[in-house]
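Per-entry structural report
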Amino acid sequence: MRIVLAYQSSVPIYEQIKEQIKTSILSGELAPDDPLPSIRQLARDLKVSVMTTTRAYGDLELEGFVH
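Residues numbered from 1 in each chain as written. Predicted model: local features only at pLDDT ≥ 70, side-chain atom pairs only at ≥ 80, totals over all residues. Heavy atoms only, no water.

Notes on the overall build of the protein chain
Stated formally: Note on conventions: DSSP H or I runs of at least 4 residues are helices, E runs of at least 2 residues are strands, and numbering of each starts at the N terminus. Accessibility here uses a 1.4 Å probe with only protein chains present; expressed as a share of the type maximum, an area under 20% marks a residue as buried, one over 50% as exposed, and anything in between as partly exposed. Contacts are residue-level and defined by heavy atoms, with any inter-residue pair within 4.5 Å sufficient. Note that accessible areas follow from Shrake-Rupley with a 1.4 Å probe, and for residues the cover is restricted to the protein chains shown. The sign given to each residue is positive for Lys and Arg and negative for Asp and Glu; His and the chain ends receive no count. Working definition for charges: the position is that of NZ of Lys, CZ of Arg, CG of Asp or CD of Glu.
Secondary structure assignment for the protein chain yields 3 helices and 0 strands. When the helices and strands of the protein chain are read in sequence order from the N terminus, they spell out α-α-α. The C-alpha extent of the protein chain, read off along each of the three principal axes, is 30 × 20 × 20 Å. Residues counted as buried form 33% of the 67 residues belonging to the protein chain. Intrachain contacts of the protein chain at a sequence separation of at least 6 include 52% that bridge at least 24 residues. Per element, the accessible surface of the protein chain, about 4,500 Å² overall, is 55% carbon and sulfur. Computing the positive centroid from 7 side-chain charges and the negative centroid from 9, the protein chain places the two 9 Å apart.

Some remarks on the environment of E29
With respect to the helices, strands and loops of the structure, E29 is situated in the loop between helix 1 (13-27) and helix 2 (39-46). The exposure class assigned to E29 is partly exposed, which follows from its relative accessible area of 47%. Excluding anything up to four places from it in sequence, E29 contacts M1, R2, S24 and D34.

A few points about the side chain of K22
To keep things clear, this is the line we draw: Think of a polar contact as two N or O atoms within 3.5 Å of one another; within protein, one of them needs to be a possible hydrogen donor and the other a possible acceptor, and neighboring residues in sequence only count if both atoms come from side chains.
Of note, K22 is situated in helix 1. Within the structure, the side chain of K22 is placed 2.8 Å from the side chain of E63, a separation counted as a polar contact.

Written out as structure tokens, the structure is:
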């Protein structure tokens, strides 16, 4: 899974992360039960705050895409 962020976009970073993970799930790139990177690891990889990745993962969980 590759996440590309557009820092100049009006779309918040957490929303960009969430949508790209959701797209990977819906396209089958991420299979059921495939592990996602930890919140901290994803934050480090993307050079964003842990709160940003926490928000993205939380939204995905609320929408039923991850557990």
